[in-house]
Amino acid sequence: MANPTGPTPSPKQALFEQLAVIARALGSGARLELLDFLAQGERSVEDLAQVTGLSVANTSKHLQQLKAAGLAQARRDGKHVRYGLADEAVPAAVSALRGLAERRSQAVAALLASYLKQRDDLEPVPAAELLERVRDGLATVIDVRPAVEYAQGHVAGALNVPLDRLQERLTDLPREHEIVAYCRGPWCVLSFEAVARLRAAGFSARRLEDGLPEWRQAGLPMEQRSTTQS
């Protein structure tokens, strides 16, 4: 008797179907942006809704889809539900997708040229070079992400100078050597804007080639400071 549902998929086909579950979870700009924020550290649904501009209900729906695909995990913290990455390999997967898009997508290339690269025509500082420059006392590292992200993990020795407070903190920064700014990742505009403002104020400034998630994945020196956030 024929199988009314069609032929039974082979184990290989079944595995690819499960891979497609993860691919579909990644197939949303909103969910990819949420993963970008989660790569900085654990966040509440309400906080993620605020930083992405999504409604709380829509944010929760996207997060549940990421959780169902095994990409995010959740825990209850009093009245709030806090989400984090389910696996340290998630940022690497997103990074691979980003790299493929940069190499093969003309639309991505055009956006990068008009949105980011026109803001900074100098070569960014690779992580290995930054470590050497800091060791030799030639550079000061600033983390221009919000304080909540800095507290959950940052480049060892970096000063937290959130972009919206940069102007008032200029007097705290040394002018005798280079300032290197970093933020969430290669497509994060915060470091581009920080470098532009620093140069306008007369500082020698560049940005880190990547962001905090890539630094962490490379096993480079990190620090963490506990803080209380909703």
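Each value, and the rule that gives it
- Residues numbered from 1 in each chain as written.
- Predicted model: local features only at pLDDT ≥ 70, side-chain atom pairs only at ≥ 80, totals over all residues.
- Heavy atoms only, no water.
- Helix = DSSP H or I, 4+ residues; strand = E, 2+ residues; numbered from the N terminus.
- Buried < 20%, exposed > 50% of the residue type's maximum accessible area, 1.4 Å probe, protein only.
- Contact = heavy atoms within 4.5 Å.
- Lys, Arg positive; Asp, Glu negative; His and termini not counted.
- Charge placed at Lys NZ, Arg CZ, Asp CG, Glu CD.
- Domains from an automatic or database assignment.
- Buried area = accessible area lost by both parts, 1.4 Å probe.
- Pairing = 2+ DSSP bridges.
- Axes fitted to C-alpha atoms, helices over the stretch in contact; angles between N-to-C directions.
- UniProt positions renumbered as here; feature names shortened; annotations may be inferred.
- 1 Å grid on protein atoms, 1.4 Å probe; cavity = no way out; pocket = protein on both sides within 12 Å on 5 of 7 lines; lining within 4 Å.
- Points joined across faces, edges and corners; volume = space filled by probe spheres on them.
- Nonpolar A, V, L, I, M, F, W, Y, C, P; charged D, E, K, R; others polar.
- Core = buried A, V, L, I, M, F, W, Y, C linked by side-chain atoms within 4.5 Å.

Participant: Would you explain the overall build of the protein in this entry?
Facilitator: When helices and strands are tallied, the protein shows 11 helices and nine strands. C-alpha atoms of the protein, sized along the principal axes, occupy 80 × 45 × 30 Å. Put simply, the protein has 230 residues, and 40% of those count as buried. Put simply, of all contacts in the protein between residues at least 6 apart along the chain, 67% involve residues at least 24 apart. Positive and negative charge centroids in the protein, built from 28 and 28 side chains respectively, lie 5 Å apart.

Participant: So what exactly am I meant to see when it comes to the domain arrangement of the protein here?
Facilitator: One frequent convention defines the size of an interface as the accessible area lost when the parts assemble. You can read the domains of the protein as domain 1 (12-90) and domain 2 (117-223). Taking only C-alpha atoms into account, the centre of domain 1 sits 27 Å from that of domain 2. Taken together, the seven residues of domain 1 in the interface contact nine residues of domain 2. A combined buried area of about 700 Å² lies between domain 1 and domain 2, and 42% of that area is made up of carbon and sulfur atoms. For the domain 1 face of the interface with domain 2, the top three residues by lost area are A39, Q40 and R43, together amounting to 63%.

Participant: Would you explain the sheet that holds strand 8 (residues 205-207) in this entry?
Facilitator: By definition, the strands of a sheet pair up through backbone hydrogen bonds, in either a parallel or an antiparallel sense. Strand order in the open sheet formed by four strands is 6-4-7-8, with parallel pairing between adjacent strands. One side of each edge strand has no neighbouring strand; the edge strands of this open sheet are strand 6 (159-160) and strand 8. As defined by bridge partners, strand 7 (residues 178-182) adjoins strand 8 across three bridges and the pair is classed as parallel. Bridging across to strand 8, I179 finds its partner in A205. Each of strand 4 (139-143), strand 7 and strand 8 touches helix 7 (residues 127-135); the most contacted strand, strand 4, lies at about 120° to it. Strands in contact with helix 10 (residues 189-200) are strand 4, strand 7 and strand 8; relative to strand 8, the strand with the most contacts, it is inclined by about 175°.

Participant: Can you walk me through the UniProt feature "domain: Rhodanese" (unreviewed entry) in the protein in this structure?
Facilitator: Under the present numbering, the feature "domain: Rhodanese" (unreviewed entry) in UniProt falls on residues 135-224. In residues 135-224, helix accounts for 31% and strand for 21%; the two terminal C-alpha atoms are 20 Å from one another.

Participant: Which parts of the structure should I look at to understand the environment of L35?
Facilitator: Tracing the backbone shows L35 in helix 2 (residues 29-38). Relative accessible area serves as the criterion here: at 3%, L35 is assigned to the buried category. For the pair L35 and L63, spaced 28 residues apart in sequence, the C-alpha to C-alpha distance is 9.0 Å. Those residues within four positions of L35 in sequence are excluded, and the remaining contacts are L26, L66, L71, L85, V90 and V94.

Participant: Sorry, what's going on with the layout of surface pockets here?
Facilitator: Any empty space left between the atoms is revealed when a probe the size of a water molecule rolls over them. Roughly 620 Å³ of internal volume is contained in the largest pocket. Lining the largest pocket we find 23 residues, and of these L32, E33, D36, R98 and W187 sit closest to its centre. Those elements that provide at least two residues to the lining of the largest pocket are helix 2, helix 5 (89-104), helix 10 and helix 11 (212-217). Here the residues of the lining of the largest pocket sort into 16 nonpolar, two polar and five charged. Each of domain 1 (12-90) and domain 2 (117-223) gives at least three residues to the lining of the largest pocket. The volume enclosed by the second largest pocket comes to roughly 340 Å³. Residue lining of the second largest pocket: 18 residues in total, with A39, L85, E88, P91 and R216 positioned closest to the centre. Among the elements of the structure, strand 3 (80-85), helix 11 and strand 9 (222-223) are those that each provide at least two residues to the lining of the second largest pocket. Per-element accounting of the lining of the second largest pocket gives the leading share, three residues, to helix 11.

Participant: Just checking my understanding: could you explain the nonpolar core for this structure?
Facilitator: Burial of nonpolar side chains together is a common tendency in soluble globular proteins. Ranked by internal contacts, the top residues of the largest apolar core, which has 18 residues, are L35, L38, L63, L66 and L71. Contributing elements (two or more residues each) for this core: helix 1 (11-26), helix 2, helix 3 (45-52), helix 4 (56-68), strand 3 and helix 5. Looking at this core element by element, the count peaks at four residues for helix 2.

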